[in-house]
Amino acid sequence: MEVISENRSFGGRQLVYSHPSNTCGCEMTFAAYLPPQAADGPVPVLWYLSGLTCTHENAMTKGGFQEHAAKHGLAVIFPDTSPRGDGVSDDEAYDLGQGAGFYVNATRNPWRTHYRMYDYIVSELRSIVMDNLPVRDRHGITGHSMGGHGAITIALRNAGLFDSLSAFAPITNPTQSDWGRKQLSAYLGDDESSWAEHDATLLLQEYGWKSDLLVDQGSGDQFLDLLKPEALADMMARRRQPGQVRMQDGYDHSYFFVNSFARDHVQWHAARLN
């Protein structure tokens, strides 16, 4: 790994790394916040997956996680949302291509060569973090919007790898939403049976989650009809899944919303990881 930048933050270190990715076939960038406790020994890890158009940088600079992570002794990993570079396929639309990897392994051209964000998060980047940073094998995962979709679907499919789960305004039912059907058909093809393993509501129905989960959603979110929080909440009730879907009055889809509830989510994960 190459260190791109390092900044002191709340007694810890905010780092940005780049590394060659065998999974994505290009150079990838991610950020890692190491709390002050990491100087004395390995700490648990909270993964934060970002939403459409974002890089590693958006949540790192706007999410407000460092202060709370420092208090509770958690490392926070901020991956990028897609492969990038001149040789990586892209689309003119903001919600497809670079910045919109959707945390799937693409099987269709031209995306299949580089767009393997599911394997990148679950396998490659996880191994890099475990091998190179002062962290221990206790992992929580969260994310916002497309990243909330990624956090829930990855955790439900890999319950043995993650110990806590939450999300901010996740895309909960992408097989029934324009934020999902477009991307899943482009990356995976028109066979909708292959989409189910990337739908949080359908996965919850099939697998459930081994513990409780926390979802925050703003009632003033301009994308509510695309996110469909009611689908996940209804499935949690039907499956009697422990957890909370909290509708936060007046909050929109921005990082002001994420920042407002970052403390709650870090505390949530710390209580389950420590």
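With an unreviewed UniProt entry as reference, the protein is termed S-formylglutathione hydrolase, source organism Roseobacter cerasinus. As its UniProt record puts it under Catalytic activity (unreviewed entry), the protein is described as follows: "S-formylglutathione + H2O = formate + glutathione + H(+)".

Enquirer: Even after reading the chapter, I still don't get the UniProt feature "active site" (unreviewed entry) in the protein, so can you show me in this structure?
Expert: With numbering matched to this structure, UniProt assigns "active site" (unreviewed entry) to Ser145, Asp221 and His253. Over a stretch of 109 residues, the named residues converge on one spot in the fold, their C-alpha atoms separated by at most 10.8 Å. Non-local contacts of Ser145, meaning those with residues more than four positions away in its chain, are made with Gly51, Phe168, Ala169, Pro170, Ile171, Trp179, Leu227 and His253. Tracing the backbone shows Asp221 in the loop between β8 (213-218) and α7 (224-227). Excluding residues that lie within four positions of it along the chain, Asp221 makes contacts with Ala169, Leu227, Tyr251, Asp252 and His253. Reaching out from Asp221, the side chain makes a polar contact with the side chain of Gln217 at a distance of 3.0 Å.

Enquirer: Teacher, can you tell me more about the pairing of strand β5 (residues 75-79) here?
Expert: Each regular strand displays side chains that alternate between the two surfaces of the sheet. Counted residue by residue, β5 has five buried out of five residues, so it is predominantly covered. Where burial is concerned, the two faces of β5 agree: the one with Ala75, Ile77 and Pro79 and the one with Val76 and Phe78 are both buried. When strand β4 (residues 43-49) meets β5, the two strands line up parallel, connected through three bridges. Counted as the bridge partner of Val45 is Ala75 from β5.

Conventions we followed
- Residues numbered from 1 in each chain as written.
- Predicted model: local features only at pLDDT ≥ 70, side-chain atom pairs only at ≥ 80, totals over all residues.
- Heavy atoms only, no water.
- UniProt positions renumbered as here; feature names shortened; annotations may be inferred.
- Contact = heavy atoms within 4.5 Å.
- Helix = DSSP H or I, 4+ residues; strand = E, 2+ residues; numbered from the N terminus.
- Polar contact = N/O pair within 3.5 Å; in protein donor to acceptor, adjacent residues only side chain to side chain.
- Buried < 20%, exposed > 50% of the residue type's maximum accessible area, 1.4 Å probe, protein only.
- Pairing = 2+ DSSP bridges.

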